[in-house]
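Residue strings, one per chain:
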Amino acid sequence: MNLARISKRYLIMGMTLLGIVLAFFLIGLIWTPYGINDTDAAAKLLAPCADHLFGTDNMGRDVFSRCLAAARYTLLVSFAGVAVALVLGTVAGLAAGYFGGITDKIIMILSNSVMCFPGILLALVAVAVFGPSLYNVIWALGLVFAPTFARVYRSGTIELMTRDFILQSKVMKVPPVRLMYVHILPNLMAQILPAVITGLANMTLFESGMSYLGLGVQPPAASYGKMLSDAQSYMTVAPWLIIFPTLILVFYILGLYFISEWVRTSVRGGSQ
Amino acid sequence: MGNRVKFAAGKLCEFLLTALLVSFFTFAAFSIIPGDAARVMLGTTATEEQVEHLRTELGLNEPLAQRYVSWLTSAMRGDFGKSLAFSEPVSELISSRLPVTLGMSLIALIIVIVVSFPFAAVCSRRPGKFTDRALSAAGHILFAIPPFALSMMLIILFTRVFGIVAVGQYARPSDDFGKFLSCLILPAFCIALPKIAMTFKFLRASMIEYSASDFARTSKSHGLTDFMILIKHIIPNSAVSSITVISLVLSDIMGGSLIVEQVFNLPGLGRLLLAAISRRDFPLLSGIVFYLALMTVVLYFMSDMIAALIDPRIRDRRTS
Amino acid sequence: MRYKGNILEVTGLNLSISNGSGVPARILKDLSFNIRSGEILGLIGNSGSGKTITSLTIAGLLSEVATVDSGEILLDGEDLLKKTPQERRRLLGEKIGIIFQDPSSALDPLQTVGSNLNEVLSIRSDVVNKEERRERILNMLKTVGFDDPDEIYGRYPHRLSGGQRQRVLIAGAALMNPALLIADEPTSSLDTVTAMSIMQLLHEMCQEMGISILFISHNLDAVHDFCDRVVVMKEGTVIDSDTSWDIMGQPKSSYTAELLTNSRLDTRTLGIKPGFASEDAETVLTVSGLSASYGKGRILRKRTPPIISGIDMEIKEGECVGLIGSSGCGKTTLVKTLLGLIPASSGTVSSSRKLAAVFQDPVSSLNPAHSIRWHLKEALRCSGKPLRKEEELPAFKKVLNDVGLDEIHLSRFPHQLSGGQRQKVSIAMCLIAEPSVIIADEPFSALDSSSQASIIKTLSDINHERGTAMLIVTHNLRVVRAMCSKLIVMDSGRIVESGLTETILNDPKTEATRALIEADLYGV
């Protein structure tokens, strides 16, 4: 089995899974079969059927509609959170790696201290202090994830700094910012891209965890984590309440994961 | 020898500095609350007098630096003040909930290590072959399921398919230790599974890398079998490089246990934390946060020391 | 020396490597040669000629992608290719020892030298006793030249120098007293003086222990004193083989002759001559009282002793100056200080125009993310003399032409070029900046002899045609003789000798210079 074929298979599987999630997201934006908070006393805890594809919950809400509508928050939080983390991490990591010395020490000790708070804890505290809202969740998760990117950038930069082409451009007096832009960033793409994709996956896990605890996306908006926590008391009698939201989360994370494998294998294959 | 003492001293300084920073962050997080902390805690219905009373009680009228110093000195004695919601000392509340969180985390860590090492070793022997691909795929899928969702799936599986009640009645460790352990195992397993995937993936990659290393080739040229090279060289070396990852995993596990204990109705730190958040009990909240963060700092310090113990290069490297 | 017959016979060996899809590439084509017992056979060829694959095939360390199509390898009359993998593995370490190019990570960093070596003995049943094993290892460590084997036994590999590591590896390979020792460019990552001592050691082991040695190298000239016979390989097949005396005297094939010209840097054939400054030439670089040190931080810098101190030198237009010294003498620090990469702690560097540099490692000399055109553009941008769009292409063509490359290389990326070509691009980038001096820090040491010769030729041509002054840092005295009119010798951070190349090399005044010349005579 050669690398190119494995790599292509990852791409196909990843795209299929992400395609499903994306379809949910797009459909959910414009149309849902029922209102997401429409209760129906006559249709409580219905098993999946033609009227309700994914069944209904204890209040008679249509699970399919809620799943369609919840996709937007999962995507929004993961992408926005990673964007925040990436910006913070890139600046901090490049500065630490490029300037070294005392700058590096300060940045590293700060990022190490942030990493000492178990990720979910820091996000929970931020939400506890500033109140549960979508934006607080996003910047809190962004802050939690920033050190991960900073580390990748720092170690990558330190390694690149010993390369002769960096020495060469220092001899040519290329200013630091341009040096980072033309020499360091492009060469760290192969390392950053998988980190970004894994970041998206982890962000989703965290977001769903927080929503499950009731501290993430707030009702009346639907979110997978909250759906799962609402369904907890009925899980043995109505497993569809658990299975479908979980499945979409799994599709999203797994899809991202396959894409990151695809990036990894195809980049490696390309450079040789 | 001089280097080693220097190394340990350097690491210790780093540890103390990080611990101090962590304490400052914890303190600061609860001091920069927008608006009046006392007002936030009591909610909008409280009278002006009540707020003022709480402000005095919490020492909010003192200058910030003084509050930090007094908070830190009492925290070092293990005194985090009194919980507002439970009217009990924070430290007692924490220590009564600690066994669940700690026990669950430790069991999960053991599961992670015991499972991922052998699997990674098997897969690294013949990368790209059927076993490797099957196990790697299983790893991907496990990684993708949120632990609390996995817990629910497993509970459904156990009750619906096997007819076993998976959520056992919780017993305190002092009452019935066996029962205490038995109700921790399934949750620990649920936290561990995604982390097994993560550790496995890292170990597999590092073992494959070491299999192709120059020293593995040297041993091969000495006439050692692949299995002996694996045992003697590859596993110890990957163990060293995985120490950092494993300590990260343990910190993730502790975070994960906060959520999973909700699913299994276990009285651990997670429930206490949620109660503190929902009742805006900031003394309790800062106590829990500081406690957990401090445990992580100690954990990282220990993992650094273990790495230095095994790897002579780390001991000899001047702390830079 | 009397030979008792062949220890190894390779006959009609064909080998191919499959890269997943497509037709497997044939790497070895009908390869035949033999090694007599007790001799040192040199296996010579440029990179890609299949020497390393040959050695791995003999040792049985080939990866799975390679398949032997036909042929036989007889070790002591037994065909190795007919043996089971288990039998072949047993031969490793026992009858065949092998050492590799780069010793830096060839020992397990977590184990002491002693336990790294112990594994050779502990897996064999005939030496069970722990004390006995230790005794044997200590003896062997003494044999390979450690004065205090007890101390080395307990050391961890990261506290050994490159040369010491290679000695330990030789000890491991020779521990079971094998009949054949394969040495795959064992000295190419070591400095000259260390390399020489390793080759002496191998020679002694051959003489005293009767181990036959297959010595693989890319430098034909370097091994002629050391090997009894030489086999020259090209594209997976033997092109020439003779006693080393004859092959150096009258090479039978033109390829061998070319290899010799390149590795000897035959100045007449290549058309290289030293670059002198004309009488009225201006001084383009003046260095006075230069000192520098590596400091960790600004506060600590005072405490570290200077790496280089009191450096005075002058380079005139059109001059080509050589800078030599053993490793660790401060050559590289001097270069970096001149280029402003390390701040000088005292002294001044003044040059009429910018300085430009070519560095050692061709793998990292160019940014893999950008094309060659981009690199030249960047150099142009930084030169501060921007050209109009339509002037760019002719300018690029001209510099590429000057360094012996072509217009088609403009759109290539670094990974599509060979090491030599990449170094030429670096030189072209220097040319665009029109510098006063090109500083070349061992730009050829990582290349095989043909590419080396080609780079030297390029630099020499530029020196003569453009009159650009050069400072060539090297450990290869041949290079110095060929192209430098003046020479500077450094030792322990100071200049110990400087003057005309001829004068210094013919009449060295200091111990440091003499040591360098002696190492060079051994041809490593």
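Structure shown above.
Residues numbered from 1 in each chain as written. Chains lettered and ligands numbered in written order. Predicted model: local features only at pLDDT ≥ 70, side-chain atom pairs only at ≥ 80, totals over all residues. Heavy atoms only, no water.

Peer 1: Can you lay out the packing of helix α2 (residues 63-99) of chain A against helix α3 (residues 101-116) of chain A for me, pointing to particular residues and giving the numbers?
Peer 2: Residue and element names in this part refer to chain A. α3 packs onto α2 with a crossing angle of 145° between their chain directions and a minimal axis gap of 7 Å. In this structure, α2 crosses over α3, and the sense of that crossing is left-handed. Taking contact as the criterion, the partners of Ala92, Ala95, Ala96 and Phe99 in α2 are, on α3, Gly101, Thr103, Asp104 and Ile107. Here the contact of α2 with α3 is built from residues that sort into 5 nonpolar, 2 polar and 1 charged. (Axes fitted to C-alpha atoms, helices over the stretch in contact; angles between N-to-C directions. Helix = DSSP H or I, 4+ residues; strand = E, 2+ residues; numbered from the N terminus. Left-handed = near helix turned anticlockwise from the far one by under 90°. Contact = heavy atoms within 4.5 Å. Nonpolar A, V, L, I, M, F, W, Y, C, P; charged D, E, K, R; others polar.)

Peer 1: Tell me about the sheet that holds strand β2 (residues 25-36) of chain C, and name the residues and values.
Peer 2: Residue and element names in this part refer to chain C. Here 4 strands make up an open sheet; going across it, the order is β2-β1-β4-β5 and the pairing antiparallel. Only two strands of the sheet have a single partner each, and these edge strands are β2 and β5 (78-79). Relative to β2, helix α1 (residues 51-59) is tilted by about 65°, and along the sheet it contacts β1 (6-17), β2 and β4 (66-75). (Pairing = 2+ DSSP bridges.)

Peer 1: Outline the interface of chain B and chain A, listing residues and values.
Peer 2: Taken together, the 47 residues of chain B in the interface contact 42 residues of chain A. Between chain B and chain A lies a buried interface of about 4200 Å² when both sides are counted; carbon and sulfur atoms form 81% of it. Of all residues in chain B, the largest losses of buried area upon contact with chain A belong to B:His140, B:Phe143 and B:Met152, amounting jointly to 15% of the total for that side. A salt bridge links A:Glu261 to B:Lys201; its shortest N-O distance comes to 3.5 Å. Where chain B meets chain A, there are 5 residue pairs in polar contact (both at pLDDT 80 or more). (Buried area = accessible area lost by both parts, 1.4 Å probe. Salt bridge = Lys/Arg side-chain N within 4 Å of Asp/Glu carboxyl O. Polar contact = N/O pair within 3.5 Å; in protein donor to acceptor, adjacent residues only side chain to side chain.)

Peer 1: Quick rundown of the interface of chain C and chain A? Include the residues and the values.
Peer 2: Contact with chain C, which involves 26 residues of that partner, is made by 16 residues of chain A. Buried surface at the junction of chain C and chain A, both sides included, amounts to about 1800 Å², of which 61% is carbon and sulfur. For the interface between chain C and chain A, the tally reads 1 salt bridge. At the boundary of chain C and chain A, one finds 10 residue pairs in polar contact (both at pLDDT 80 or more). When contributions to the side of chain C that touches chain A are tallied by element, the ones reaching two or more residues are β15 (355-358), α13 (372-383) and α15 (419-432) of chain C. It is α13(C) that provides the largest number of residues to the side of chain C that touches chain A, a total of 5 residues. When the residues that make up the side of chain C that touches chain A are grouped by side-chain class, the tally is 14 nonpolar, 7 polar and 5 charged.

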